Amino acid sequence: EAAVTQSPRNKVAVTGGKVTLSCNQTNNHNNMYWYRQDTGHGLRLIHYSYGAGSTEKGDIPDGYKASRPSQENFSLILELATPSQTSVYFCASGRLGGLYEQYFGPGTRLTVL
Amino acid sequence: GEKVEQHESTLSVREGDSAVINCTYTDTASSYFPWYKQEAGKGLHFVIDIRSNVDRKQSQRLIVLLDKKAKRFSLHITATQPEDSAIYFCAADNAGAKLTFGGGTRLTVRP
């Protein structure tokens, strides 16, 4: 069974603070993704990666950085968190080349006060 | 860039009836159209997909139709059951690695 885990599952941060969301996959997939889910917007792609050392901007990258130190791990970094970044964040993994299903983690609920 | 519109934000059907969720997309280059299901408090789970070389695909009670001319695709759930209640997302992939999602449809199956 494909497995994508995220930590933490819940996070409360203060405005201006730094937040790091972590994702680990045991699928040996090359591609990994970070999305945020907000009511009425579905899922929107923040950053993605084709493999270790690679990060690419998605559709809404402003205010976020990403890091892919290994095949298994992909982090999303909010250097200066703002209340507008309060959301549920999902990580996913997928096979190289896309055009195949993505496997999603359980999500991280982030609240920025 | 690609835009995917999911037409029904909510849908309520009686158990045993069929449910249909419709999506449209804008980029004619899109060639892969997956559907995902999200149950309360959980991540998304893949349910079915269709590629642009076919116009119909069925997996048990799920049928996906694709009309490339109209840039429209739809998910049909037949003989609905209470466990089908969830949020369903359509998506389109035109860049070989990036999905664009619709806004989601909350499906409620009434007993």
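Whatever comes next refers back to the structure up there.
First, a word on scope: everything that follows refers to the structure included in this document. Residue numbers restart at each chain and count upward from 1, following the sequence in its written direction. Chain labels run from A onward and ligand labels from 1 onward, assigned in the order the entries are written. For this predicted model, a pLDDT threshold of at least 70 governs which residues receive local features, and a threshold of 80 or more governs which side-chain atom pairs are given and counted, while totals over whole chains, interfaces and linings are taken from all residues. Based on all heavy atoms of the structure, the side-chain values leave hydrogens and waters out of the count.

Brief notes about the sheet that holds strand 3 (residues 19–25) of chain B
Residues and elements named next belong to chain B.
Here comes step 1: At least two DSSP bridges between two strands are needed for those strands to be called paired. Strands are runs of DSSP state E lasting at least 2 residues, helices are runs of H or I lasting at least 4, and numbering of each runs from the N terminus. Pairing is antiparallel across the open sheet formed by five strands, whose spatial order is 1-3-8-7-6. Both edges of this open sheet fall to strand 1 (4–6) and strand 6 (56–59), since each of them pairs with a single strand only. Between one strand axis and the next, the sheet turns through 15° on average, direction left out of account.
Here comes step 2: Examined bridge by bridge, strand 6 and strand 7 (residues 62–67) share four bridges and lie antiparallel to one another. Along strand 7, the bridge assignment pairs Arg 56 with Leu 65. Axes here refer to lines fitted to C-alpha atoms; in helices the fit is confined to the stretch in contact. Angles between the N-to-C directions go from 0 to 180 degrees.

Description of the sheet that holds strand 3 (residues 19–25) of chain A
All names here are of chain A.
Here comes step 1: What the four strands build is an open sheet, ordered 1-3-8-7; its pairing is antiparallel. Every interior strand has two partners, whereas the edge strands, strand 1 (4–7) and strand 7 (65–67), have only one. For this sheet the average axis-to-axis angle between neighbouring strands, irrespective of direction, equals 20°.
Here comes step 2: Summarising the sheet, strand 7 and strand 8 (residues 73–78) pair through three bridges and their orientation is antiparallel. Paired with Lys 65 across the two strands is Ile 77, which belongs to strand 8.

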